[in-house]
Amino acid sequence: MALLDKVELFVMHYRHSRKGNHMIKINHLTITQNKDLRDLVSDLNMTIQDGEKIAIIGEEGNGKSTLIKTLMGETLPDFTIRGDIQSDYQSIAYIPQKLPEELKKKSLHDYFFLDFADLDYSILYRLAEELHFDSNRFASVQEIGSLSGGEALKIQLIHELAKPFEILFLDEPSNDLDLETVDWLKSQIRKIRQTVIFISHDEDFLSETADTIVHLRLVKHRKEAETLVEHLDYDSYSDQRKANFIKQSQQAANDQRAYDKTMEKHRRVKQNVETALRATKDSTAGRLLAKKMKNVLSQEKRIEKTAKSMTQKPLEEEHIQLFFSDIQPLPASKVLIQLEKENLSIDDRVLARELQLTVRGQEKIGIIGQNGVGKSTLLAKLQQLLNDKREISLGYMPQDYHKKLQLDLSPVAYLSKAGEKEELQKIQSYLASLNFSYPEMQHQIRSLSGGQQGKLLLLDLVLRKPNFLLLDEPTRNFSPTSQPQIRKLFATYPSGLITVSHDRRFLKEVCSTIYRLTEHGLEVVNLEDL
């Protein structure tokens, strides 16, 4: 109890009878990270109504997942939570950002038939049909952890949407889904009557689903939290923010110019009075000048007081700064890979037949396809072929960041090769340009958000200067505010790349050729048809 006595307790009030038509009322909610005593959410006040579709957005590491878990009533020992949340919901559905460890070893059969959730099996089988998931597999002993990322997310969607719920929480739901399923999920969110609170990095997804935006910002070099709530769709919110930023910036500049002009005039008057005071030898004139100086000083205080009410230049989160330099691109005509009617297999199971693909040195190729069709398997095959070529320095960004990151190290230690002072300072400068605070540079990588871990892998690619890239869902954990810079980073990359992605904007802005992988091979997709 000693610890509880020292902190203001967070209380979640459960009400079994509805009060009005709201489901959650949030009063003065502040969430502080215990490790560095930094606020992630600051004085959040809002009422969440039945049926609202609320998107939580913000830079990587700004506390979006933490806010969702707080609203669900989870215990979070690494955070101090102050304020009050009153809710009258009694049933929720939740799909987290990562497949929970307890699900990885569970079989499909146990998940769908031995779970204690009250599933509506008519809904279950309808959803399976809509999502093109073979319902016969519900009885399979296959472990969920062995499914592809997209299939694992599909079965969670089927499971959670088939049980009774009043509020649906989704943490990056579009990360692993193919384009067709993302479109299906958009439609589901729009038409269901229940409240949905979700996090998404996908700007198209946000544009077509959200009617309320909660924006978590960290300004002043990520030291100060600012939490904004607007009952607007995403596009209107983005347009309003830009317009307000321009308007406030212009007003601040005008106020500053007027202040500077007034102060310059005041300084001249003050200087003239001071000069006259020093030069006068007449006592009467001296008394008059002293009185005038008193008035000048009073006026100076009034000007300083007015300055406090001037329009301030708007605070803005720093945009990430990252670009490739000193890359020696491969010759544009050089053929790196030539697949001629090859099969794609896992063990004895053939995923796709008669693959035909030619990859040249500076081509930017995108690969799309349904979940479970074998896109990541194809990427692994291409990686093996490219690794065998001496002239290629390959950069690889996996879908699962943990395959490359050493989670016990800090970001600085992970990126450092020699440990020399000059190298460490350079790394810290790069991390700062990606909006890492100094404490975050020293934390273990495992404590960083998925987006921050993604930034770390991007920076590793940039520092290594590879001449060809393989990317597996490169935009999956990056916030909408970072997305334009990520697209620009790869669009301006001077050599070739192959990427698996379900991000329409990324594919259109980065790739010159797009293939759809099916069981019959690879087929070219028109960019306009995405």
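### Re the sheet that holds strand β4 (residues 53-58)
Backbone-to-backbone hydrogen bonds join strands into a sheet, with any given pair of strands oriented parallel or antiparallel. If you walk across this open sheet you meet the 6 strands as β6-β7-β8-β4-β9-β10, and the pairing is mixed. Edge positions in the open sheet fall to β6 (92-95) and β10 (224-230), since each of these has one partner strand only. Ignoring strand direction, the axes of neighbouring strands in this sheet form an average angle of 15°. Here 4 bridges tie β4 to strand β8 (residues 195-199), and the two strands are oriented parallel to one another. For lysine 53, the partnering residue across the bridge sits in β8 and is valine 196. Packing of helix α6 (residues 149-161) onto the sheet brings it into contact with β6 and β7 (167-171), and relative to β6 it is tilted by some 175°.

### Some words on the sheet that holds strand β14 (residues 394-397)
The strand order across the open sheet formed by 6 strands is β14-β15-β16-β13-β17-β18, and the pairing between neighbours is mixed. Each having just a single partner strand, β14 and β18 (521-525) make up the two edges of the open sheet. Between one strand axis and the next, the sheet turns through 20° on average, direction left out of account. Relative to strand β15 (residues 468-472), β14 runs parallel, the two being bridged by 4 bridges. Counterpart to tyrosine 396 in the pairing with β15 is leucine 470. On the sheet, helix α15 (residues 450-464) packs against β14 and β15 and is oriented at approximately 175° with respect to β14.

### Focus on the packing of aromatic side chains
All chains considered together, the criterion is met by 9 aromatic pairs. Taking the centre distance of 5.4 Å and the plane angle of 65° together, the rings of tyrosine 125 and phenylalanine 138 count as edge-to-face. Of the two residues, tyrosine 125 is situated in helix α5 (residues 121-130) and phenylalanine 138 in the loop between α5 and α6; the sequence distance between them amounts to 13 residues. Taking the relative accessible area as the measure of exposure, phenylalanine 138 reaches 0% and is therefore buried. One aromatic cluster is present, built from ring pairs that chain together Tyr111, Phe112, Tyr125, Phe133 and Phe138.

### Focus on the confidence of the model for the protein chain
Any region with low pLDDT has predicted coordinates that should not be read closely. Overall, the prediction assigns the protein chain a mean pLDDT of 88, with 94% of residues at 70 or greater. Across residues 1-20, where pLDDT falls below 50, the model places 39 contacts with residues more than four positions away in sequence or in other chains.

### Side note on the pairing of β8
Taken across its 5 residues, β8 has 5 buried, putting it largely inside the fold. Residues Thr195, Ile197 and Ile199 point to one face of β8 and Val196 and Phe198 to the other, with burial holding for every one of them. Across 5 bridges, the pairing between β7 and β8 is parallel. From the neighbouring strand, isoleucine 167 faces β8, where its bridge partner is threonine 195. What joins β7 to β8 is helix α7 (residues 179-191), and the crossover it makes is right-handed.

### Side note on helix α10 (residues 283-307)
Helix length check: α10, at 25 residues, gives a terminal C-alpha distance of 36 Å against a target of 36 Å (1.5 Å per residue), a fit within 8%. Sitting at the head of α10, aspartate 282 places a side-chain oxygen 3.0 Å from the backbone nitrogen of threonine 284.

### Concerning the packing of α5 against α6
In contact at an axis separation of 8 Å, α5 and α6 are set at 150° when each is read in the N-to-C sense. Taken together, α5 and α6 sit at an angle that is classed as roughly antiparallel. α6 is crossed by α5, and the crossing has right-handed handedness. Here α5 contributes Ile123, Leu124, Leu127 and Ala128 to the contact with α6, which in turn contributes Leu157, Ile158, His159 and Leu161. Grouping the constituent residues of the contact of α5 with α6 by class yields 7 nonpolar, 1 polar and no charged.

### Considerations on the side chain of histidine 443
Inspection of the secondary structure puts histidine 443 in the loop between α14 (438-442) and α15. By relative accessible area, which is 12% here, histidine 443 ends up buried.

Criteria and thresholds
- Residues numbered from 1 in each chain as written.
- Predicted model: local features only at pLDDT ≥ 70, side-chain atom pairs only at ≥ 80, totals over all residues.
- Heavy atoms only, no water.
- Pairing = 2+ DSSP bridges.
- Helix = DSSP H or I, 4+ residues; strand = E, 2+ residues; numbered from the N terminus.
- Axes fitted to C-alpha atoms, helices over the stretch in contact; angles between N-to-C directions.
- Contact = heavy atoms within 4.5 Å.
- Phe/Tyr/Trp six-rings, centres within 6.5 Å; stacked < 30°, edge-to-face > 60°.
- Buried < 20%, exposed > 50% of the residue type's maximum accessible area, 1.4 Å probe, protein only.
- pLDDT = per-residue confidence, 0-100.
- Right-handed = clockwise from strand over helix to strand, strands pointing away.
- Expected span 1.5 Å × (residues − 1).
- Polar contact = N/O pair within 3.5 Å; in protein donor to acceptor, adjacent residues only side chain to side chain.
- Parallel < 35°, antiparallel > 145°, perpendicular 65-115°, else oblique.
- Left-handed = near helix turned anticlockwise from the far one by under 90°.
- Nonpolar A, V, L, I, M, F, W, Y, C, P; charged D, E, K, R; others polar.

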